[in-house]
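# Secondary and tertiary structure notes
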Amino acid sequence: MIKTPVCEILGIEYPIFQGGMAWIADADLAAAVSNAGGLGIISAMNANGEWLRREIHKARSLTDKPFGVNIMLMSPHVEEVSQLVAEEKVAVVVTGAGNPSKYMKDWIKAGIKVIPVVPSTGIAKLVARNGAVAVIAEGGESGGHIGEITTMALVPQVCDAVDIPVLAAGGIADGRGVAAAFMLGAVGVQLGTRFLVAKECNVHQNYKHKILKAKDIDTMTTGKRLGHPVRTLKTPFARTFLKMEYNSEVSNEELEKFGAGSLYAAAILGDDKKGSFMSGQIAAMVKKEQTAAEIIQEIFTEAEEVIRGGTKWVK
Ligand code: TUI
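First things first, this report covers the structure right here in the doc. (Residues numbered from 1 in each chain as written. Predicted model: local features only at pLDDT ≥ 70, side-chain atom pairs only at ≥ 80, totals over all residues. Heavy atoms only, no water.)

## Description of the overall build of the protein chain
Keep this limit in mind: Here a strand is any run of E in DSSP of at least two residues, a helix any run of H or I of at least four, and the numbering for each starts at the N terminus. As a reference, a globule follows 2.2 Å times the number of residues to the power 0.38, and the radius of gyration itself is taken over C-alpha atoms. Only protein chains enter the calculation, and the probe is 1.4 Å; a residue is then buried if its accessible area is under 20% of its type maximum, exposed if over 50%, and partly exposed in between.
Counting secondary structure elements, the protein chain contains 14 helices and 11 strands. In terms of overall dimensions, the protein chain is globule-like: its C-alpha atoms have a radius of gyration of 18 Å, near the 20 Å expected for 315 residues. For the protein chain, the spread of C-alpha atoms along the principal axes amounts to about 55 × 50 × 35 Å. A burial count over the protein chain gives 54% of its 315 residues as buried.

In structure tokens:
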């Protein structure tokens, strides 16, 4: 059995979060992950506040275990959903794509445990000072919006920088990844891509197929020129986007316009001409659709074996 401070703080069985994938992570997936003993997370990015409130209520009807809401700080609905999570007193808020400090006081006052995703030690220290109960150090191997530093380099530096528990994200697909994250000092993990193919995940089937047939070198990074790099599968849309990024005659406005709605096109419509199929670098390690419970049990059975065998080379 693997038990860490993250399990105690949140009242969960396994120290694993499901990433709050925008347009993908809904009440069905979050409840399935929470029922399986991890922390399921609903993405507030899927739509407006009304949608989020419905999903929070739905998740409560599907599980009596704690679950979280992911707030993407670049979202046009950020003010509305920030207030809503405080009203609803959700157990956990995970933030991404920015500095959550200005919202944290209200969330903490509402009894919410705030766990920001951080791409650097600077942001980690800031949110720890502002009352975060833990941080998720997310490396550039992750899918979606990413920072500069790899998981291997970021996690130990964040662990040294703060006194609160650190979870690792980016490049983790199985028990070996969990064990490696623990060796770096993390006491929990967050996985997105592996949960994207969960049976309870309602993403378009084309998206799941693309993850399941991806090879190791099938992701690329778009959006660097716009200041928000995004890791995505190499699709016709992503290649065209990158060509436009390198073309100085294309303005940033044109580029933004070309990218608008691309995650919706992938996740909801399954359209590879217009869709950005965000994925982590471990897509090739994701080999089959499984239930959330099967995924979590498989990962932690393997992690335990790997950690127990960790002294193999110590003479
Ligand atoms: O947020 C994510 N991943 C995401 S959000 C998303 S939706 C999207 N769609 C289109 C374009 C862009 C995004 C898809 N994937 N991960 C967490 C994360 N947070 N990664 C990096 C950060 C981050 C970056 C800067 C956190 C804090 C931060 O602070 C900078 C500052 O000083 O404000």
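Having seen it, we continue.
## Considering the sheet that holds strand β5 (residues 113–118)
The condition that has to hold: Strands pair, by our definition, only if DSSP identifies at least two bridges between them. Only C-alpha atoms enter the line fits that serve as axes; for helices the fit covers just the stretch in contact. Angles between N-to-C directions range over 0 to 180 degrees. Whether two residues touch is decided by their heavy atoms; if any such pair falls within 4.5 Å, the residues are in contact.
With parallel pairing, 8 strands are arranged side by side in an open sheet as β1-β9-β8-β6-β5-β4-β3-β2. Of all strands in the sheet, those bounded by a partner on one side alone are β1 (16–18) and β2 (40–43). Each adjacent strand pair in this sheet contributes to an overall mean axis angle of 25°, direction not counted. Direction of pairing for β5 relative to strand β6 (residues 135–138): parallel, over a ladder of 2 bridges. Of the residues in β6, the one forming a bridge with Val 117 is Ile 136. Strands β3 (67–72), β4 (92–96) and β5 of the sheet are contacted by helix α5 (residues 101–109), whose axis makes an angle of about 150° with β5.

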